[in-house]
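Architecture at a glance
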Amino acid sequence: VGSVLGLFWSAVGYLPRSDSRGHLAIMGDEMDRITSLPVLQGKIKRDPVAYEREFLLQYNHFQAQLEIFRTRVQKPAKHFNELVMFLAHVSPLYSEKKIDYAQTLIDVLQEYQEQMHGLTRRNLVQSLMLLRNRGQFPCVRTLPVYFKLFKSKDKLLRTNLVTHIVRDITKNTQKGKHGQKVTTELQQFFHTQLKGTEYSLTRKAVAILITLAYKHVWFNAHAVNIIASATLCPDLKVAAAAANFLLGNKSTLQKDVMSDDDDDGSRKEVLEELQKVKKGQRKTRKKLKKMSRAKKACKRLIARKEHRTGVQGVVNFAAIDLLHDPHSLAEKLLSRVQGAKEAFAFRILMMQLVARLIGRHQLIMLNYYPTLQRYLQPKQKQVTVFLACLAQACHEEVPPSELTGLIQHLMTHFIAESIAAEVVAVGLNCIREICIRQPAALTAEQLADLSQFRKFKDKGVVAATRALINWYRETNAEMLHKSLRGKEAQLALARGEIDAPVFGKKKTHDSVPGLELLQMVKAAKKAKEDDADTSSEEASLESEDEAESEEEGESEEESIEIDEGLLNNVDEDSDAESGDEEGDGSEGGDGDGEDKVRMPPLKKAKLLAQKQAEALRQKRHEKSALMDTLRAQSRQEAAAIGQEQILTNEDFHRIRKLQIKQAFQLQVGRKRTKADLYDYDFSETESENEGASDDEGEDSSEDKDDPAQAGVVTAESLKFFSKNKKKDKQARMAAILRGREDKAKFKKRVRKGGKTNKENARSKPMMMVVKGSYNVRKKDSERSSTQKVADLRKHIKTLKMKTGGVAKRRR
């Protein structure tokens, strides 16, 4: 019977197999192939209608497995996980069945998220992510569940959730799927999380908001003000993250709140293990290896935590400009700093934010400066940061009376001859930054005292003092002593081009600032071309006259003949000498000697020098008058052009360069003349730009940067003129040795062979030195008997101390 049935099954194309009892059974591999979920998933995706019955059968099977799963939540369920993922792939194809499969998974996670196994929890979350990517439910529906899952200890799950939320909001916002209503609901949800007391969730909420802001997904005023409200959070990490976002410190954000909390715990464990290893007194080979491994692990953790992804973010004022009420925010932050309950680093960060708010929005907060003055001491930790905050918090609206006391405090504690040069340079730089923002903050007496440091022995202090003097040459040269104003600044002051700044008075412009410089350049360039044309015509005429004179032979004369009247005007002694010359000339010369006289070589050179000086003086006077005329015309034309024409970006770039040129001229002056100062090449080719001056190259590089960078004062910028001393001995010795390389007396002299007398004496046997040395024998013979007895007693005492004296017998 078995053989007959085997032939039958082989004829129909199905191969049976018999079990150990001899009964026929369907092959197990074939049954697995038929009931395999991945195979069924592929068939359903190809033809959903044909396999609708199988889908419903598997969904009912899922309901039964779910009831079984509720009874044993903590145990791993491999088949249940496979069934959950299978339904997540195929359930979107049967949306007409109205099966709310996503809500079932959400309910399971909300009910058993803390008790269930880690693999099961991760599988359910991945299924929800898959359904969300298919658009089966809105994002707001799962956000409460995701934020509760942030409490779990699964670091990989937390990272995947943050990445999914950011990518989901970014993708749907860029595609326009999120309307204003949905965006408002999402932002309101994150705002609610920021107000909560569970700070682990608050950190994730602020991290997601900041990430979306940096991606320019949510960078409107509403989102920025939500992040700004987090600066008042009691949790220091949340408040610090929001403050760093407003300050533009992107790298700091990557280092603290964006990182996970598990790094802190693992780092503490490694440090504790390292302390345990250090407690042992004996350093065995095993303990040394263990210590080295612990150190390497700690270094890896620190490097991973401090790793900065991407470039450092530049300072951006876009976020801080979108605040609705910066004054109230600054007042609350200042009151929080005055409490002095938080850590020192956090207080520094808040002081920086308050200073940035005051300087950017020109707030009047007079109680900020006395609070900051407490930290302005040379021995204060990170004092340069507080000095940068002081400079950042100054603007034109701050009363000078509030800043005069602060400047006097800086001059007392930071600027003195008995203080280190680095401290003096930092103090001068801070005062200069304050005066740039409020020129009336410094009095004439204080400026005169600070100007005395231009003769200080340290070059950094001298450079900082000159920078302060140059700034006042440009803005308010009248406060400087006449010897410090400079030639160009004195002339500009005489022409009335420099107006002294007055508190409460703002300078208004009738046209675009600097447009008259551009018109002046064009007019000067045109006038120079006209002069070149006229000079070329004159040169051609002179060449023709010279050619005619050469034909007549007049070029052979070597002396210069001038009138007697002109000679009398040159010098008082020229009368007598001219008379002698005239007599000599009348005797040995032609009849023309009565009217002309021959010039001696010395007087010839003197007269030529005077004529050249007079011509140069006349030329300078003409150029000065021309420039004054061009300056008056350019001011009139600038007012009309600013209203009639539209300036391009190239025009503004040229105006910026010309303004910097003019400021440079007022500060340090130039070797060129006034006319040459305004010679500017407007061509854009590289060959012509290579001939530009050094300051033009520097200015062009500065223009490429963000213009908002000009308002930032950092601790590093205040240390610009201070020298960095080499602290360790190795660095100092390396510098000393580098300086000795070119000096001949420090070079080693190479001997070809033999030993010196010192080397021979060093290797001489001691007995030869004692017995054979004349000096030793002479010294021994000159000793007296008393000295010999004293030396012997001293020697015996030394032997007793070494050997312990005579051994005593025990009774």
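Refer to the preceding data block for the structure.
So, here is what we can say about the structure in this document. (Residues numbered from 1 in each chain as written. Predicted model: local features only at pLDDT ≥ 70, side-chain atom pairs only at ≥ 80, totals over all residues. Heavy atoms only, no water.)

So, about the side chain of His409. Counting through the fold element by element, His409 comes out in helix H22 (residues 400-413). What makes His409 buried here is its relative accessible area of 11%. (Helix = DSSP H or I, 4+ residues; strand = E, 2+ residues; numbered from the N terminus. Buried < 20%, exposed > 50% of the residue type's maximum accessible area, 1.4 Å probe, protein only.)

Under the criterion given, the structure shown has 12 salt bridges. Between Asp321 and Arg360 there is a salt bridge, with its nearest N and O atoms 3.1 Å apart. Residue Asp321 is located in helix H17 (residues 318-321), and its partner Arg360 is located in helix H19 (residues 344-361); the two are separated by 39 residues in the primary sequence. Under the relative-accessibility criterion, Arg360 is labelled partly exposed at 38%. Each of Arg432, Glu433 and Arg437 takes part in salt bridges that share partners, so that together they form one network. (Salt bridge = Lys/Arg side-chain N within 4 Å of Asp/Glu carboxyl O.)

Structurally, Ser91 is set in the loop between helix H5 (78-90) and helix H6 (101-112). From its side chain, Ser91 meets the backbone oxygen of Leu87 in a polar contact 2.7 Å long. If we skip the residues at most four places from it in the chain, Ser91 touches Phe55, Tyr101 and Leu131. (Polar contact = N/O pair within 3.5 Å; in protein donor to acceptor, adjacent residues only side chain to side chain. Contact = heavy atoms within 4.5 Å.)

As a further point, take unusual backbone geometry. If you check the backbone angles, His216 has positive phi at about 60° while not being a glycine. Inspection of the secondary structure assignment puts His216 in the loop between helix H11 (199-214) and helix H12 (221-229). Although it is not a glycine, Gln382 sits at a positive phi angle of roughly 55°. Here Gln382 is to be found in the loop between helix H20 (368-373) and helix H21 (383-392). The class for Gln382 is partly exposed, based on a relative accessible area of 41%.

Below, the discussion takes up the packing of aromatic side chains. How two aromatic rings sit relative to each other is given by the distance of their centres and the angle of their planes. In the structure shown here, the tally under the stated rule is 16 aromatic pairs. Each ring, one from Phe344 and one from Phe386, has its centre 6.0 Å from the other, and the planes form 55°; the classification is tilted. Here Phe386 lies in helix H21 and Phe344 lies in helix H19, a separation of 42 residues in the sequence. Its relative accessible area of 1% is what places Phe386 among the buried residues. Judged by centre distance (4.6 Å) and plane angle (5°), the rings of Tyr375 and Phe386 are stacked. Residue Tyr375 is found in the loop between H20 and H21, and its partner Phe386 is found in helix H21; the two are separated by 11 residues along the sequence. With respect to class, Tyr375 is no different from Phe386; both count as buried. A network of ring pairs unites the aromatic residues Phe55, Tyr59, Phe62, Phe69, Phe80, Tyr94 and Tyr101 as a single cluster. The lysine or arginine in question, Lys204, covers the ring of Phe150, its NZ or CZ lying 6.0 Å from the ring centre. (Phe/Tyr/Trp six-rings, centres within 6.5 Å; stacked < 30°, edge-to-face > 60°. Lys NZ or Arg CZ within 6 Å of the ring centre and 35° of its normal.)

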